[in-house]
Amino acid sequence: MYNNDIMKRKKIIIGNWKMNLSLPLAQDLILKLKSESEKKWDVDIAVCPPYIYLAQVLNILKGSKITVGAQNMYYKEEGAFTGEISPLMLKDIGIQMVIIGHSERRQIFKETDSEINLKVKAALQHDFTPVLCIGEDLGTREKGKAEEYVTQQVTNGIKDISKNDIEKIIFAYEPIWAIGTGKICSGEDAVKVNKAIRNILKEKYSTEISNKIRILYGGSIKSANFGEHISNEDIDGGLVGGASLKAEEFAKIIDLADKAMVTI
Ligand code: PGA
């Protein structure tokens, strides 16, 4: 049960499509999800397609309760930044959410904590909901330093962010060794890290503020393995990669979150 002094946070399930699907497949997936979302679910739902499909997906989802997010964004508003997309461009087409600092951006595209901090600030300045990803690699976990490492990433990512703005961020703990590998981090271990994240938010801001912030888990989530995580009051939702590409499987994961809202 939730403590009386902890407000019940609404769970959220976010699909991160990464660089997957074709336009026809994306349209098919979204139409199925849209019709499912009309009949049930008291949880927040979002999908993050590749940039090139955002406008079409937004169009299909107009009037539905599914939020559309981008997978990344540059922090400058315009200029000579070949290949990048600006906050103003995302705003123009009606995007409301943006994933920032995904481990694939950090590892493959060498994004640093300070760039990620600039992106978080730009996202807030333009009224997006930033989904800030953090998570350790296997070596760090094996050394028993996961919480310490993630806490540092959070600290760097939210540098100079005001009390007002911090509440607008969604955090997603995604251990790198669990992403796309089929190896899920146990509920118990994920909760430990999520608690460490909430503690640092508490220290830097306040208990009241930290209790309002949603902290998700991500990494090899499937409907068959996520029940243990999502039913915990310290896991406020999931960032789902591979399993968000199939309407039926993604809907089952949303179902789990919906049931957890009732039973916690
Ligand atoms: P996965 O990806 O569910 O395919 O492991 C999660 C993510 O990278 O957000």
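Quick caveat: nothing in here was measured; it's all calculated off a predicted structure.

For the ligand, the set of nearby residues contains 14 residues, the closest of which are Lys18, His102, Glu174, Gly180 and Ser220. Expressed as a share of its isolated accessible area of 280 Å², the protein-covered part of the ligand is 95%. In terms of residue class, the shell around the ligand is built from 5 nonpolar, 7 polar and 2 charged.

This part is about the pattern of salt bridges. Across all of its chains, the model carries 18 salt bridges by this definition. Two residues, arginine 214 and aspartate 44, come together in a salt bridge whose shortest N-O distance is 2.8 Å. A residue pair is termed long-range when its members are at least 10 positions apart, and arginine 214 in the loop between helix H10 (207-212) and strand E7 (215-218) and aspartate 44 in strand E2 (residues 44-48) qualify at 170 residues. Taking the shortest distance from any N to any O, the salt bridge between lysine 212 and glutamate 167 comes out at 3.4 Å. Note that lysine 212 is positioned in helix H10 and glutamate 167 in the loop between helix H8 (163-166) and strand E6 (170-173), a separation of 45 residues in sequence.

Let's shift gears to the sheet that holds strand E4 (residues 97-100). Around the barrel, 8 strands lie side by side as E1-E2-E3-E4-E5-E6-E7-E8; this closed barrel has parallel pairing. Strand-to-strand twist of the sheet, defined as the mean angle between neighbouring strand axes without regard to direction, takes the value 25 degrees. Set on the sheet, helix H2 (residues 51-61) makes contact with E2 and strand E3 (66-70); between it and E3 the angle comes to about 165 degrees.

Attention now moves to H2. Among the residues of H2, those classed as buried are Tyr53, Leu54, Val57, Leu58, Ile60 and Leu61. Relative to the axis of H2, the buried residues are bounded by an arc of 155 degrees and lie together on one face. Check the buried side of H2 and you find it contacts helix H1 (23-39), E2, E3 and helix H3 (87-93). Following H2 by one or two positions, glycine 63 has its phi on the positive side, about 85 degrees.

Cut-offs applied
Residues numbered from 1 in each chain as written. Predicted model: local features only at pLDDT ≥ 70, side-chain atom pairs only at ≥ 80, totals over all residues. Heavy atoms only, no water. Near = heavy atom within 4 Å. Areas by Shrake-Rupley, 256 points an atom, 1.4 Å probe, with all protein chains shown as cover. Nonpolar A, V, L, I, M, F, W, Y, C, P; charged D, E, K, R; others polar. Salt bridge = Lys/Arg side-chain N within 4 Å of Asp/Glu carboxyl O. Helix = DSSP H or I, 4+ residues; strand = E, 2+ residues; numbered from the N terminus. Pairing = 2+ DSSP bridges. Axes fitted to C-alpha atoms, helices over the stretch in contact; angles between N-to-C directions. Contact = heavy atoms within 4.5 Å. Buried < 20%, exposed > 50% of the residue type's maximum accessible area, 1.4 Å probe, protein only. Arc of directions from axis to C-beta.

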